[in-house]
Amino acid sequence: MSTDFYFRDRRLIPIWSRVQRGERLTLEDGLTMYKTPDFLSLGKMAHHVQQQKSGDAVYFVLNQKIEHTNICVLSCKFCDFATKKSRPDAYEMTTEEILGKLTPHIHEVHITGGMPADWPWDRYLDIVRSIHEKYPNVDVKAFTAVEIDFFHKKFKMSIEEVLRQLQAVGLRTMPGGGAEVFSERVRKHLFPQKIGAKGWFEVHKTAHKLGIPTNSTMLYGHIETLEERLIHMIKLREAQDETGGFLTFIPLAFQPGDTGIKPKNQFTSAIDDLKTIAISRLMLDNFPHIKAYWVMLTEEVAAMALNFGADDMDGTVGGEKIAHDAGAISPMKLAKDQIIRIIRDASKIPVERDVYYNPLNVYTDNVVGKIPYLNSVPFYAHFEKNQFKILPVAPRRMGLLSAKHQIDAGPFSLMDYFRQEGNLELMGWCIATRDQVKSVMLFSKEGWRDLEGKKIGITDDTSTSVGLLNVLLEKKYGVKAKFERLHGGVNDYSSYDAVLLIGDEALRRNKHGLDGFELVFDVAREWYDWQKLPFVFAVWAMKKSLPEATKGGLRTALSDSLDKSEQDFVNAAGQHGRAVGLTDDETQEYLAGFNYRLGEREKEAMAKFRE
Ligand code: V47
């Protein structure tokens, strides 16, 4: 699909062509974009990519920041937060004090702090363990790569061991701090005692290997050059190609405060902030999210960033000190209602999320769910949105939101449709296989009959495929296995005997294999060979209670989009296919293998599965 803009700066036109084709941008492209006066076109290009990745969703999390101490063995020039133990402003929080700052209503606690010389290792483990035990619903995002490296050296454990111990007591993800700018020149000037790029990446890549997803940051607006910013982004993009473990990128606007690096009130300009958000969205093509961290950007600039490539506002952020000690002028905490208002004002869907970006609550109407996989693209590629807003959401999560009446229509996973039939009206479209599907795959160390009593990791995304797997194991092969849900983002599969993956992840792994799992089964093919019936994974349905005019509008929009897409699958979905590693011919063949219309055979297959 092509979208045309008018470009005041014609140097952006070849960049836009490459963005539309899904091609990588270079350092030179980045410099052209930083130097362009046509800053609105930059925003439009970034917004286009943002919409491809996140539809109309903007995420936030109810979170609390804990900075457990400001005592630090390092003295980084840009940091106004850290101090020495002997100073009157020094503080250290006990575990009880930390627990006292949390409530069961939040979903994320973000812990980072100074690095004191005299805290024992157990004190850190105790903080994470106690939070996890007292507030099991509060996910712990803790310790930057710099802190992990400090623990590794101080407590004489490998980085992997440090992370394993933290993970065992409840660490879920890691924040992206400590990256600053990946430039030795800047490091020598501003943070010579801190780990550089090599150390930072070693910690993050180790975390990804262990199934700990992480964030990434870039501190900009001090002494770095534009080229150094872009090299920073390119290094992150390369690491993401390797591990896929980064959730989000957060450009951190430098707050000068009393650091002496810049005059006290010389904040980055709004234009520079928005350009940096937009350019990072365009350069980091393999990053799922870009965060507009309002604490450093201010509420106003963060609000604008939601149409310049950012799809994440962080959260309520109670108790932040690092930026505020350095003179940040943003409030100390944003109320949930305020965040929702800002996101709605930007014409986006406010989506409250957990630490893995799973949507928990959606705060607007006319939301159409979108399964964010290649096989669903034909429904959306030419969809005229009108009053509707698109929320990309994995099948199981769509079912959970619909059970709370927070989704108005979408391709519901078959199991969720069965559960919620009373409130939903079928629309005549589906996602069904003809025989094989290639995107619901069981990667296994054992043959089907040897899976008795074995542990199978199940992707968090699935609602129906796990039901199908269970039926095949029990009814076709007479085998009972143990299922364990995986979490969002990267996982460590090594302790499982088999892993069930669906959607784009299954397609990707099907192409390149999953290390350690010799056998690969196409679960829909197994069903077909057994029942000689297609398998219906999802059916389009909408809330019965929607006004008739809305229902009609939705039917027309979907029917038009599907008709156009079916005329040319490659035009509709080639770019998405290339992003998961398929050639255009493979995308064509893959999509032609689906049946998108709910006919008699599909209904028969639904009845058979229900039985
Ligand atoms: O690493 C220190 C930065 C970072 C200043 O992962 C400063 O979700 C601006 O990493 N002006 C810590 N920045 C904060 C951080 C973060 C924040 C929000 C979300 C996430 C996440 C991570 O703060 C440090 C450093 O780069 N910092 N001093 C300053 N004067």
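Whatever comes next refers back to the structure up there.
On to the site of the ligand. In the vicinity of the ligand, 22 residues are found, and the nearest of them are Lys141, Gly176, Gly178, Glu180 and Lys291. At a separation of 2.7 Å, an oxygen atom of the ligand approaches a polar backbone atom of Gly178. Residue Asn215 places a side-chain N or O atom 3.0 Å away from an oxygen atom belonging to the ligand. Considering the ligand on its own, with 620 Å² of exposed area, one finds that the protein chains cover 97% of that surface. Contributing elements (two or more residues each) for the shell around the ligand: strand S6 (214–220) and strand S7 (246–253). Residues that form the shell around the ligand fall into these classes: eleven nonpolar, seven polar and four charged.

Summed over all chains, the structure comprises 36 aromatic pairs. Ring centres of Phe246 and Phe287 lie 5.5 Å apart, and the angle between their planes is 15°; this geometry places the pair in the stacked category. Placement of Phe246 in strand S7 and of Phe287 in the loop between helix H11 (270–283) and strand S8 (289–290) is noted, with a sequence separation of 41 residues between them. Overall, the relative accessible area of 2% leaves Phe246 in the buried class. Positioned above the aromatic ring of Phe191 is the side chain of Lys194, whose terminal nitrogen or guanidinium carbon lies 5.9 Å from the ring centre. Directly above the ring of Tyr496 sits Lys455, whose terminal nitrogen or CZ lies 4.8 Å from the centroid.

The subject of this paragraph is the nonpolar core. Counting 118 residues, the largest nonpolar core has Met33 and Ile148 as the members making the most contacts within it. Ignoring anything within four residues of it in the chain, the contact list for Met33 reads Leu12, Ile15, Leu25, Leu42, Met45, Lys275, Ile279, Leu282 and Met283. Counting residues in each nonpolar core, the second largest holds 85 residues, with Ala57, Val440, Val536 and Leu591 among its members.

Even without being a glycine, Thr298 presents a positive backbone phi close to 80°. Relative to the helices and strands, Thr298 resides in the loop between helix H12 (294–297) and helix H13 (299–305). The exposure class of Thr298 is buried, given its relative accessible area of 18%.

Let's shift gears to the packing of helix H19 (residues 465–476) against helix H21 (residues 523–531). Where H19 meets H21, the closest approach of the two axes is 10 Å, and the angle between their N-to-C directions is 45°. What the angle tells us is that H19 and H21 run oblique. When the axes of H19 and H21 are compared, the crossing they make is left-handed. Contacts from Leu468, Val471, Leu472, Lys475 and Lys476 of H19 reach H21 at Val523, Glu526, Trp527, Asp529 and Trp530. For the contact of H19 with H21, the class distribution of residues is six nonpolar, no polar and four charged.

This part takes up the packing of helix H7 (residues 159–169) against helix H9 (residues 197–209). Packing of H7 against H9 leaves a shortest axis separation of 10 Å and a crossing angle of 50°. Judged on the interaxial angle alone, H9 and H7 are oblique. The handedness of the crossing between H7 and H9 is right-handed. For the pair H7 and H9, contact is made by Ile159, Glu160 and Leu163 and by Glu202, Val203, Thr206, Ala207 and Lys209, respectively. Within the contact of H7 with H9, the residues separate by chemical class into four nonpolar, one polar and three charged.

Time to look at the pattern of salt bridges. Once their charged atoms are close, side chains differing in charge can pair, the charge on each being opposite to the other. Overall, the coordinates contain 48 salt bridges when judged by the stated rule. Salt-bridge contacts for Asp126 lead to Arg129; the nearest nitrogen and oxygen are separated by 3.9 Å. Taken together, the positions of Asp126 and Arg129, both in helix H5 (residues 121–134) and three residues apart, correspond to about one turn of that helix. Since its relative accessible area comes to 29%, Asp126 is described here as partly exposed. The network of salt bridges with common partners includes Glu108, Lys141, Asp312 and Arg353.

Here we have four strands laid out as an open sheet, ordered S2-S3-S4-S5, and parallel in their pairing. Every interior strand has two partners, whereas the edge strands, strand S2 (63–66) and strand S5 (171–173), have only one. Across the sheet, the mean angle separating the axes of adjacent strands is 35° when strand polarity is ignored. Looking at chain direction, S2 and strand S3 (residues 108–111) are connected through four bridges and run parallel. Directly across from Ile66, in S3, lies its bridge partner Ile111.

If you trace the three strands from one edge of the open sheet to the other, you get S6-S7-S8, paired in parallel fashion. In the strand order of this sheet, the two ends are held by S6 and S8, each with one partner. As paired elements, S6 and S7 share six bridges and run parallel to each other. Counted as the bridge partner of Met218 is Pro251 from S7.

Between its first and last C-alpha atoms helix H10 (residues 226–243) spans 26 Å; for 18 residues at 1.5 Å apiece the expected length is 26 Å, and the two agree. Taken residue by residue, H10 has Glu228, Arg229, Leu230, His232, Met233, Ile234, Leu236, Arg237, Ala239 and Gln240 as its buried positions. Looking at the buried side of H10, the elements it contacts are helix H2 (27–35), helix H8 (184–190), H9, S6, S7 and H11. Directly after H10, the chain includes Gly244, whose backbone phi takes a positive value near 65°.

Cut-off values and rules
- Residues numbered from 1 in each chain as written.
- Predicted model: local features only at pLDDT ≥ 70, side-chain atom pairs only at ≥ 80, totals over all residues.
- Heavy atoms only, no water.
- Near = heavy atom within 4 Å.
- Polar contact = N/O pair within 3.5 Å; in protein donor to acceptor, adjacent residues only side chain to side chain.
- Areas by Shrake-Rupley, 256 points an atom, 1.4 Å probe, with all protein chains shown as cover.
- Helix = DSSP H or I, 4+ residues; strand = E, 2+ residues; numbered from the N terminus.
- Nonpolar A, V, L, I, M, F, W, Y, C, P; charged D, E, K, R; others polar.
- Phe/Tyr/Trp six-rings, centres within 6.5 Å; stacked < 30°, edge-to-face > 60°.
- Buried < 20%, exposed > 50% of the residue type's maximum accessible area, 1.4 Å probe, protein only.
- Lys NZ or Arg CZ within 6 Å of the ring centre and 35° of its normal.
- Core = buried A, V, L, I, M, F, W, Y, C linked by side-chain atoms within 4.5 Å.
- Contact = heavy atoms within 4.5 Å.
- Axes fitted to C-alpha atoms, helices over the stretch in contact; angles between N-to-C directions.
- Parallel < 35°, antiparallel > 145°, perpendicular 65-115°, else oblique.
- Left-handed = near helix turned anticlockwise from the far one by under 90°.
- Salt bridge = Lys/Arg side-chain N within 4 Å of Asp/Glu carboxyl O.
- Pairing = 2+ DSSP bridges.
- Expected span 1.5 Å × (residues − 1).

Function-wise, these values are silent; they only describe arrangement.
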